Amino acid sequence: MKIDLLITNVHIFNVYMKRFITGNIAVLDGRFLYVGARGEETFAAQEVVAGNGRHLIPGLIDIHLHIESSMITPATFSHGIIQNGVTTVVSEPHEMANVFGLEGVQEMIRASEECTADILYAIPSSVPATPLETTGGSIEIADIDKLLQDERVVCLGEIMNSVDVLRDPDCKTNQMLKHVRTHYPHLVIEGHTPKKLVDLELARFMFAGVDSDHTEQEVDSMLDRMRNGMFVEIQEKAMRPDIMRILIEEDVADLFCFVTDDVMADSIVADGHLNHLVRKAIAMGMSPERAIYCTTYTPAQRMRLHDRGAVAPNKLADFVLLSDLNTFQIDTVYKRGRCVYDAKRPVKQKRVEGHFPSHFYQSVKLSPLLEDDFTVVVTGASGGDGDVADDVAGVRAKHVSHGVHVHKCRVMEVSNGTTTTKELHREVEVQDGVLQWERAEGLGLVATFERYGRNGNRAYGLITGSTIKRGAIATTYSHDNHNLLVVGHNAADMALAANTVIADQGGFCVVADGQVLAHVPLPVGGILSEEPLDTFGPAVKRLREAMESLGYEHYNPIMSISTHSLPVSPALKLTDLGLIDVHAGTIVPLLVES
C-alpha cells in the first residue's frame, strides 16, 4: 500500500489508553492512516524514518493564549512555538481588538493564514473590558456573527466582566452570552472566573454559559469548579505544589489542561512555550503520560477539535518525536505529516514587514508631552472629596486651596508574584493645589494618556511596592486599552520615556537620569513588533533587565506594569478615566480625605 511517510519502532502515546505503545505509524495525505505493528512489509512509503525507540506524541495544543502578549506577529509567533512542539493554538486577539475593533481581529486572522502552526481564534468578548476606559475599538454582537463565518474562529473568548454578568441582566456581556446561547448553542464559551466566585455566584456564572476558568487558582475554589463540571486551564503561575497535588492525585485529567496565556518573547527563546509547562509538571511529580494528555487530548476535546490531539487513524498527522521523555527533549516536529522542525537543522526566520494595513502603523495619536504634563493639580484639597483637576497640564485650576496641606491619598501597591495590586492610603503634601508627589518618600507617579484621539483624557495615581525606585518607564502596551502608561519618580524622565514611545508609534521605554536605558518599538497598533524572534527576544530581555535595574522586583516586570491599567484585575488600577476600584467597579478619587 502506498503512503507518504512511515515511522518505525517508536513508543507511541495512545491518548485513549493513556499510555505508550510500541509500534509504527503510517501517514497519508497529512493524516494518520495506521498505528500498529505493520511496517515496510505492508507499506510502500515515499519516506521512512527510523524511530530508534524514541517517543512519539501528538503535537501540543494550547487553547488559551494571546499572541499579542508576546508582542510579535502571528508569523513570528508560529516560528517560535513550532520548534517547541506546539502545532495548534487558540488565540484571543482582544489586545488588537481594543486598538482596532473588528478590523483588528480580522487582520490578525489574515496574518495567520500562511503560518506553519494552526492558529485558531477566539472572539474577544470583552472589548472594552469595562465601561471604565477608552479604547480604539470595540466588539459588538453583530461582529460575532461576522467572525463566526470564518472556520478558524472556534469559541467566544474569555468573559472577564463577571461583576456585571452577575449584577446587571441587561449589560453588554449578558446580551452577548444570550445571543451566543440562542444562535450558536454549541459554541465553546471561555471564562475569566475570579477565585472569589464560588458556590452560588459560581453557579450563576456557569448558568450564564461560562464553563471554564484560566485565572489564578486556590485549592478549594478549583475543586468547587471541578465538582460543578467547569473546565480549568492551568497556567504556570497556578502550578504551585498544592494545586499540582490535586491535579496529580485526583481523577481530574479530563477536567483540566495546561495553557500559557501570556508568554514574553524572551521567555520563548530561553525556556520554550507549552513544552516548558510539560517539563515543569513532570519535574513536580506528574507522570509524563498525564502531562502529555493534558496538553494534547483534553485541550482538543475542550475546543471540540476532534480532528487532532491523538495519534490515531484519520487524525491530523501533527506529532513530535522526543529523544528523552522525562526532560521532554524535542528532536523533530511534524505538521500534517511534514517535518517542520529538526533540532539538528534549525531554520532561521527571515524578517518580513508590512503584514498589516498602513494605518496600523500610525495608531498613537499623541503630541509630545512636557514635564508639566506630569504636574498633578488637585481640587477639593482643603477637605471633602479630593480629585485630580481636569486641566492638569501645567494649568492651575481656579478653585484650589493655597498653602501646604497634608492629604491622605490612594496608592497602588505592586507585589511580586502577581499582577493584582492592593490599595494603600498614604499622606502626601499638597502645596498651592499641586500634589507634591516627587517629594513623597517611597512613592512614584503613574499616569495614563488616551492615545486614540477620541477625548484627550488623562489620569494620575500614586504607586509603590515592587515597582521601580527611580527613573521612569513608558509603554503603550497597557492591558487592555493600550493607552500610554507612564510610571516614574521625576517628571523629566517620565516625559523623555513617554516621548520616545510616541516617536516610535508605540512600545516600551526605560529611562534613568535623562538617559534612555532601553526601548523596544512596537509599531503595529502600538503593541506588536515585526522583528524576528532571534533579535526581538534579546531586545525584550534587555528591556526586562533595564526595568530591574531601576528596582523593579517582579517575576515578570513587563506583564506587571502592563496590567496597571487593567480594570478587571484587582484591586486598584488606573485608566484614562481615573483610579478604578476593581471590586466595586467604580472610579474613585485620588484623595481619600483631608
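Everything below is about the structure printed above this text.
Residues numbered from 1 in each chain as written. Predicted model: local features only at pLDDT ≥ 70, side-chain atom pairs only at ≥ 80, totals over all residues. Heavy atoms only, no water.

1. Some remarks on unusual backbone geometry
Negative phi is the rule for most residues except glycine; trans is the rule for most peptide bonds.
Part 1: Here Val-127 and Pro-128 are connected by a cis peptide whose omega angle stands at -5°.
Part 2: Position of Pro-128 relative to the elements: it lies in the loop between strand E8 (118-123) and helix H4 (141-147).
Part 3: Although it is not a glycine, His-482 sits at a positive phi angle of roughly 60°.
Part 4: Here His-482 shows up in the loop between strand E24 (472-475) and strand E25 (484-488). (Helix = DSSP H or I, 4+ residues; strand = E, 2+ residues; numbered from the N terminus.)

2. Quick word on the sheet that holds strand E28 (residues 572-575)
Part 1: Read across the open sheet, the three strands follow the order E28-E29-E30; overall the sheet is antiparallel. At either end of the open sheet lies a strand with only one pairing partner, and these are E28 and strand E30 (586-588). Neighbouring strand axes in the sheet, compared pairwise and without regard to direction, differ in orientation by 45° on average. (Pairing = 2+ DSSP bridges. Axes fitted to C-alpha atoms, helices over the stretch in contact; angles between N-to-C directions.)

3. Section: the pairing of strand E16 (residues 338-342)
Part 1: Of the strand pairs in this sheet, strand E15 (residues 329-335) and E16 are connected by four bridges, and their pairing is antiparallel. If you follow Lys-335 over to E16, its bridge partner there is Arg-338.
Part 2: Counting the residues that bridge the hairpin from E15 to E16 gives two residues, and of these Arg-336 lies at a positive phi of roughly 50°.

4. Re the side chain of Thr-134
Part 1: Tracing the backbone shows Thr-134 in the loop between E8 and H4.
Part 2: Within polar-contact distance, the side chain of Thr-134 engages the side chain of Asn-455 at 3.1 Å.
Part 3: Separated by 2.6 Å, the side chains of Thr-134 and Asp-576 make a polar contact.
Part 4: Other than its neighbours up to four places away in sequence, Thr-134 contacts Glu-450, Tyr-452, Arg-454, Asn-455, Asn-457, Asn-481, Asn-483, Asp-576 and Leu-577. (Polar contact = N/O pair within 3.5 Å; in protein donor to acceptor, adjacent residues only side chain to side chain. Contact = heavy atoms within 4.5 Å.)

5. Considerations on a nonpolar patch on the surface
Part 1: On the surface, Tyr-16, Met-17 and Ile-21 cluster together into a nonpolar patch covering about 280 Å² of accessible area.
Part 2: Looking at the element boundaries, Met-17 is found in the loop between strand E1 (2-14) and strand E2 (19-28). (Patch = residues over 30% accessible without salt bridge, like charges linked within 9 Å, V, L, I, M, F, W, Y side chains within 5 Å. Areas by Shrake-Rupley, 256 points an atom, 1.4 Å probe, with all protein chains shown as cover. Salt bridge = Lys/Arg side-chain N within 4 Å of Asp/Glu carboxyl O.)

6. Section: the pattern of salt bridges
Part 1: In the structure shown here, the tally under the stated rule is 27 salt bridges.
Part 2: Residues Asp-211 and Arg-302 are paired through a salt bridge, measuring 2.9 Å at the closest nitrogen-oxygen approach. Highlighted residues: Asp-211 in the loop between helix H7 (199-207) and strand E11 (212-213) and Arg-302 in helix H13 (residues 297-302), separated in sequence by 91 residues.
Part 3: Overall, the relative accessible area of 12% leaves Arg-302 in the buried class.
Part 4: Close ionic contact of Glu-429 with Arg-439 constitutes a salt bridge, the shortest N to O distance being 2.7 Å. Note that Glu-429 is positioned in strand E20 (residues 421-431) and Arg-439 in the loop between strand E21 (434-435) and strand E22 (444-449), a separation of ten residues in sequence. (Buried < 20%, exposed > 50% of the residue type's maximum accessible area, 1.4 Å probe, protein only.)

7. So, the packing of helix H8 (residues 219-227) against helix H9 (residues 241-249)
Part 1: Where H8 meets H9, the closest approach of the two axes is 10 Å, and the angle between their N-to-C directions is 30°. Overall, the two elements H8 and H9 adopt an arrangement that is roughly parallel. With respect to the hand of their crossing, H8 and H9 are arranged in right-handed fashion. In contact with Val-219, Met-222, Leu-223 and Met-226 of H8, H9 contributes Asp-242, Ile-243, Ile-246 and Leu-247.
Part 2: The class makeup of the residues in the contact of H8 with H9 is seven nonpolar, no polar and one charged. (Parallel < 35°, antiparallel > 145°, perpendicular 65-115°, else oblique. Left-handed = near helix turned anticlockwise from the far one by under 90°. Nonpolar A, V, L, I, M, F, W, Y, C, P; charged D, E, K, R; others polar.)

8. Looking at the packing of aromatic side chains
Part 1: For the structure shown, the criterion picks out twelve aromatic pairs.
Part 2: Their ring planes at 80° and their centres at 5.7 Å tell us that Tyr-16 and Tyr-297 sit as a pair that is edge-to-face. Here Tyr-16, found in the loop between E1 and E2, pairs with Tyr-297, found in helix H13; they are 281 residues apart in sequence, far enough to count as distant.
Part 3: The class of Tyr-16 is partly exposed, set by a relative accessible area of 41%.
Part 4: A relative accessible area of 17% means that Tyr-297 is categorised as buried. (Phe/Tyr/Trp six-rings, centres within 6.5 Å; stacked < 30°, edge-to-face > 60°.)

9. A look at H7
Part 1: All buried positions along H7 are accounted for by Leu-202, Phe-205 and Met-206. The buried side chains of H7 occupy one side of the element, clustering within an arc of 95° when seen end-on. In H7, the exposed residues that point more than 90 degrees away from the buried face are Leu-200 and Phe-207.
Part 2: The inward-facing, buried residues of H7 contact strand E9 (153-159), helix H5 (162-167) and H8. (Arc of directions from axis to C-beta.)

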